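Given next are the chains, with one letter for each unit.
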Amino acid sequence: MDFSVLNRLSIRQWLSKPVPNAALITLRLVFGAAMTFSVLRFWYLGWIEDHYLNVSFTFKYFGFQWIKLLPAWGMYGLHLLMLLGAVGILLGWWYRFSAALFFVTFTYVELIDLTYYLNHYYFVSLVSFWMIWVPANRRFSLDAYFSPGIRSVYAPRWAIVLFKWQVGIVYLYAGLAKINYQWLVEALPLRIWLPANNSLPLIGPLFEQVWTPYLFSWAGMFFDCTIVFLLNNARTRPWAYVSVLLFHGITGWLFQIGVFPVVMTGMVLVYFSNSWQERLLGWLGDTSKGDNRPSYSLISRPFSIILGVYVLFQVLFPWRYLLYPGNLFWTEEGYRFSWRVMLMEKAGTATFYVKDRKSGREGVVDNAIFLAPHQEKQMAMQPDMILQYAHFLAQHYEEKGVHDPAVRAEVYVTLNGRPGQLLLDPTIDLTQIQDGWAPKSWLNAYNETWK
Amino acid sequence: MKGPIVCLVILSLMTYSCTETELPAGSYDRKPMLEHYADKVIVPAFRELEAKTASLRSQVDVFDTDPSSERLEVLRSAWYEAVLSWQSANCFNFGPAGESGVKKSLVEEIGTFPIDTMQIALFIGENDTLLNNFDRDTRGFYAVEYLLFRSNALSKLQSDVSTRAYLRAITAHLARNVEEVVRAWEGSYSASFLGSVGTDAGSSTAALYNEFVRSFEQAKNFKVGLPAGKRPGQTQAEPHLVEGYFSGSSLELLKRHIKSLELVYYGKDWTGMNDGPGLRDYLQSVVGGAELSVASDAQWQMVVDALEQVPVDRPLSELMAENHPTVDRLHTELQKHTRYFKSEMSSLLGIAITFASGDGD
């Protein structure tokens, strides 16, 4: 008997089973509202202008070099479409199209410049992608209002479980990332970040205590590692949610982390029970009535494989750093897309030297000519960005008349308050090096001592 | 019931900490630092600048009534005094001296160099003293310098009423801009400066720090690097781009600027007196700060040494034209110092350098 077939079938059945869809509807409302707010806030703060207009150079994501910065009208246009998509998700109006529109515009904009990579944005891209494929508009939406035929109070189980699992992955991996010597034993970087908040009302004096960073480091790690399980369990759920509010409230107050706290406190609602979701939707004005015969269709085999691959990828990808030698925080090989959230204080100063190989004359680059302060800040501590910038400089100066330029960089990086060290050999010609998956042998090893 | 107990514990911990009055190591009270900077460092520097620019302006009026070579010498001295005092105030480009709307920061409004001599000639030719344009490189300290120190300056000033009118206009503009900043500091801005005691983007500490670093970089890049031909693509020095080109005072101005940065870093006023809590003291209190301080001070000493080594018998622009090795060394030492101010200090102090959201967002 082919047990593997049976197993797959039962998993497929389990995932396909119709369950009450209230949690999915809440998720749609929460996500749509959070994204609408997020786009408006971004626009209001002038970040479209700041990040994407009058920009000389953008850092590309590996494999996404074809993503181009658009002219001003294009960037505004993308954000307008993004807003429309978010509103469409919120209202459940032309839902699938809105979700796809939001996903495409949001992800495109994020892929324009690596400078602005945030784990939060990665999370939004993933969630908005899956929002396209779930039936979140069957209830309490304009689509359901205008097309009674689609109305349903059921959704296939995978549509809810997937989001629970994704949120769980974020917290769990964020927690696992905090299990390291510097975070737990040295209370770094909190020992650097928290004292700076000693002037906050009420809570300020807390940060003048020597033990506070240690408490916060350990509490943060335990919170991230356990919260999902505590949320999943009906008995611990209420207090778990209180701690979610506390955690994101405090971190949102202390640090410059934008809408991340809002999004997460909203997304974890997916863990609440169906009856709670029904009460919430009822309170919001949903008058849907249940039907007795939910439609059932087994998800296709290819789709279940896609789900399986996705899950496997999300579980495995954050561990790729193990394949690389050296200190993860230093080389950042395998650092991104792994839910390493607010994990280290790192900063660098990168000085680039461009040599005209014909005349032998070497000049020093003023980075401010090409990069905005935030771009320069991010570039100066991330090796792949340093490499990209070096190649850009070579190309730029060649066009300006420098013959066959060689580019080297003196990059001093401080990690968690330690004295600055050279990130790479300042004598090597970076134009001879290409970025890739291979370990970056041209980086210096990290000296962990304090001297 | 674990929940309530945990909350109780947290609450009591917080209450306990609230009753603590002592600040142990690892925490710094920024309020006294900001107060000291505002009262003892920034406002006095701006007041001195105001006095000197007012004096410059009145000397222009005196010269106007009697455009003799003696008067020109007095006027040139007044300019020199004013531009020296400017070096002690040119790193505070925030608040009233910061960018706001179409108005750029003070260092751009009155301190742009090199100036555009052709455009100035055009304005003078058209008798345009309205200054109703965005050509900041046609006014400010260094436009005044040009009119006072260029070759045939005296004869041009004596013969051309238009030139004297333009000189009056830009000196008045200069003095006025400084006055406005001083009034604002003496008025409501002080309170808002002292009210913002965090280190987040937009806080006073962040503003003070970021403009401080920008001023250092300006000295390194535009007063030394660029005119010395240090940029890629430059095949030789371009000494006419240096600050103080026409008066030949580049080195003195640079020395005053560097000294000023040092004094600000230590929390001393522009005379070198009135030592109080400054950025360096703040740095001592944080994780890794003591180590950074030692390394930073050592490299700063190299900068000061390099500055001392530069010959004083000839203008800096000439030394640059000859690719004098002391200029090279100065640039190298300034370059080596950059990281201490630019990335390491902000990293250890937890100061935001931009408004952008950080990781974790």
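As a reminder, the structure under discussion sits directly above these lines.
Residues numbered from 1 in each chain as written. Chains lettered and ligands numbered in written order. Predicted model: local features only at pLDDT ≥ 70, side-chain atom pairs only at ≥ 80, totals over all residues.

## Concerning the overall build of chain B
Across its full length, chain B holds 14 helices and zero strands. Starting at the N terminus and ending at the C terminus, chain B contains elements arranged as α-α-α-α-α-α-α-α-α-α-α-α-α-α. Projected onto the principal axes, the alpha-carbon positions of chain B cover approximately 90 × 45 × 40 Å. Within the span of chain B, comprising 361 residues, buried residues form 47% of the whole. (Helix = DSSP H or I, 4+ residues; strand = E, 2+ residues; numbered from the N terminus. Buried ≥ 20, exposed ≤ 12 C-beta atoms within 10 Å, placed from the backbone.)

## Digging into unusual backbone geometry
Each neighbour pair has its own omega, and for L188 of chain A with P189 of chain A the value is 5°, a cis peptide bond. In this fold, P189 of chain A is placed in the loop between helix 9 (181-184) and helix 10 (190-193). Positive phi is not limited to glycine here, since A187 of chain A has a value of about 50°. Counting through the fold element by element, A187 of chain A comes out in the loop between helix 9 and helix 10. Non-glycine residue N152 of chain B carries a positive phi angle of around 65°. Topologically, N152 of chain B is positioned in the loop between helix 6 (141-149) and helix 7 (153-159). Assessed through the 9 C-beta atoms surrounding it within 10 Å, N152 of chain B is described here as exposed.

## Quick notes on the sheet that holds strand 4 (residues 362-364) of chain A
Residues and elements named next belong to chain A. The strand order 4-3-5-6 describes an open sheet built from four strands, whose pairing is antiparallel. Lying at the two open borders of the sheet, with one neighbouring strand each, are strand 4 and strand 6 (421-422). Against the sheet, helix 18 (residues 383-399) engages strand 3 (346-355) and strand 5 (406-415), with an angle of about 150° to strand 5. (Pairing = 2+ DSSP bridges. Contact = placed C-beta atoms within 7 Å. Axes fitted to C-alpha atoms, helices over the stretch in contact; angles between N-to-C directions.)

## Details of helix 2 (residues 30-65) of chain B
Look at helix 2 of chain B: 51 Å from first C-alpha to last across 36 residues, which is about the 52 Å you get at 1.5 Å a residue. Most pronounced at A38 of chain B, the bend in helix 2 of chain B amounts to some 35°. (Expected span 1.5 Å × (residues − 1). Bend = angle between axes of the 7 residues up to and from the residue.)

## Focus on the interface of chain A and chain B
Counting residues at the interface gives 50 residues for chain A and 50 residues for chain B. Going through the elements one at a time, helix 6 (119-133), helix 10, strand 3, strand 4, helix 17 (373-379) and strand 5 of chain A are the ones with two or more residues in the side of chain A that touches chain B. For the side of chain A that touches chain B, the element with the most residues is strand 3 of chain A, which contributes five residues. Its residues assigned to classes, the side of chain A that touches chain B comprises 26 nonpolar, 16 polar and eight charged. (Nonpolar A, V, L, I, M, F, W, Y, C, P; charged D, E, K, R; others polar.)

## Examining helix 12 (residues 289-309) of chain B
Residues and elements named next belong to chain B. Taking 1.5 Å per residue as the helical rise, helix 12 with its 21 residues ought to reach 30 Å, and the 30 Å between its terminal C-alpha atoms agrees with that figure. For helix 12, the set of buried residues is G289, L292, S296, V303 and A306. Down the axis, helix 12 shows its buried residues gathered within 105° of arc, on one side only. Turned more than 90 degrees from where helix 12 packs its buried face, A290, V294, A298, Q301, D305 and E308 sit exposed. Of the surrounding elements, those touching the buried residues of helix 12 are helix 10 (250-266), helix 11 (279-284) and helix 14 (325-349). (Arc of directions from axis to C-beta.)

## Focus on the packing of helix 2 (residues 22-44) of chain A against helix 14 (residues 274-284) of chain A
All names here are of chain A. Across the interface, helix 2 lies against helix 14 with an axial gap of 8 Å and an inter-helix angle of 50°. Considering their axes alone, helix 2 and helix 14 lie oblique with respect to each other. With respect to the hand of their crossing, helix 2 and helix 14 are arranged in left-handed fashion. Counting all contacts with helix 2, which are made through A22, A23, I25 and T26, the residues of helix 14 involved are N274, Q277, E278, L280 and L281. (Parallel < 35°, antiparallel > 145°, perpendicular 65-115°, else oblique. Left-handed = near helix turned anticlockwise from the far one by under 90°.)

## Brief notes about the environment of F216 of chain B
Residue and element names in this part refer to chain B. When you line up the elements, F216 lands in helix 9 (residues 204-225). Overall, F216 belongs to the buried group, with 23 C-beta atoms counted inside 10 Å. Along the backbone, F216 and P315 are 99 residues apart, and their C-alpha atoms lie at a distance of 22 Å. For F216, the contacting residues outside a window of four places in its chain are L261 and F341.

## Concerning the environment of P239 of chain B
Residue and element names in this part refer to chain B. If you trace the backbone, P239 turns up in the loop between helix 9 and helix 10. C-alpha separation for the pair P239 and M320, spaced 81 residues apart in sequence, amounts to 6.0 Å. Setting aside chain neighbours within four positions, we find P239 in contact with P227, S317, M320 and A321.

## Concerning the pairing of strand 3 of chain A
The side chains of a regular strand alternate between both faces of the sheet. Residue and element names in this part refer to chain A. Most of strand 3 is tucked away, with nine of its 10 residues classed as buried. Of the strand pairs in this sheet, strand 3 and strand 5 are connected by 10 bridges, and their pairing is antiparallel. Considered in strand 5, the bridge of T349 is made with Y412. Judged from the three bridges that link them, strand 3 and strand 4 form a sheet pairing that is antiparallel. Across the sheet, Y353 pairs through a bridge with V364, a residue of strand 4. Counted between consecutive antiparallel strands, the loop separating strand 3 from strand 4 contains six residues, among which G360 sits at a positive phi close to 80°.

## Observations concerning the packing of helix 6 of chain B against helix 8 (residues 161-195) of chain B
Residue and element names in this part refer to chain B. Between helix 6 and helix 8, whose axes approach to 9 Å, the crossing angle comes to 150°. On the basis of the axis angle, helix 6 is roughly antiparallel to helix 8. Once helix 6 is placed against helix 8, the crossing between them reads as left-handed. Of the residues in helix 8, those touching helix 6 at F141, A143, V144 and L147 are T163, L167, I170, T171 and L174.

## Observations regarding the pairing of strand 5 of chain A
Residue and element names in this part refer to chain A. The buried fraction of strand 5 is high, at nine of 10 residues. Summarising the sheet, strand 5 and strand 6 pair through two bridges and their orientation is antiparallel. What sits directly across from V413, in strand 6, is Q421. The loop that links strand 5 with its antiparallel partner strand 6 comprises five residues; one of these, N416, has a positive phi angle of about 50°.

Keep in mind these values describe shape, not function.
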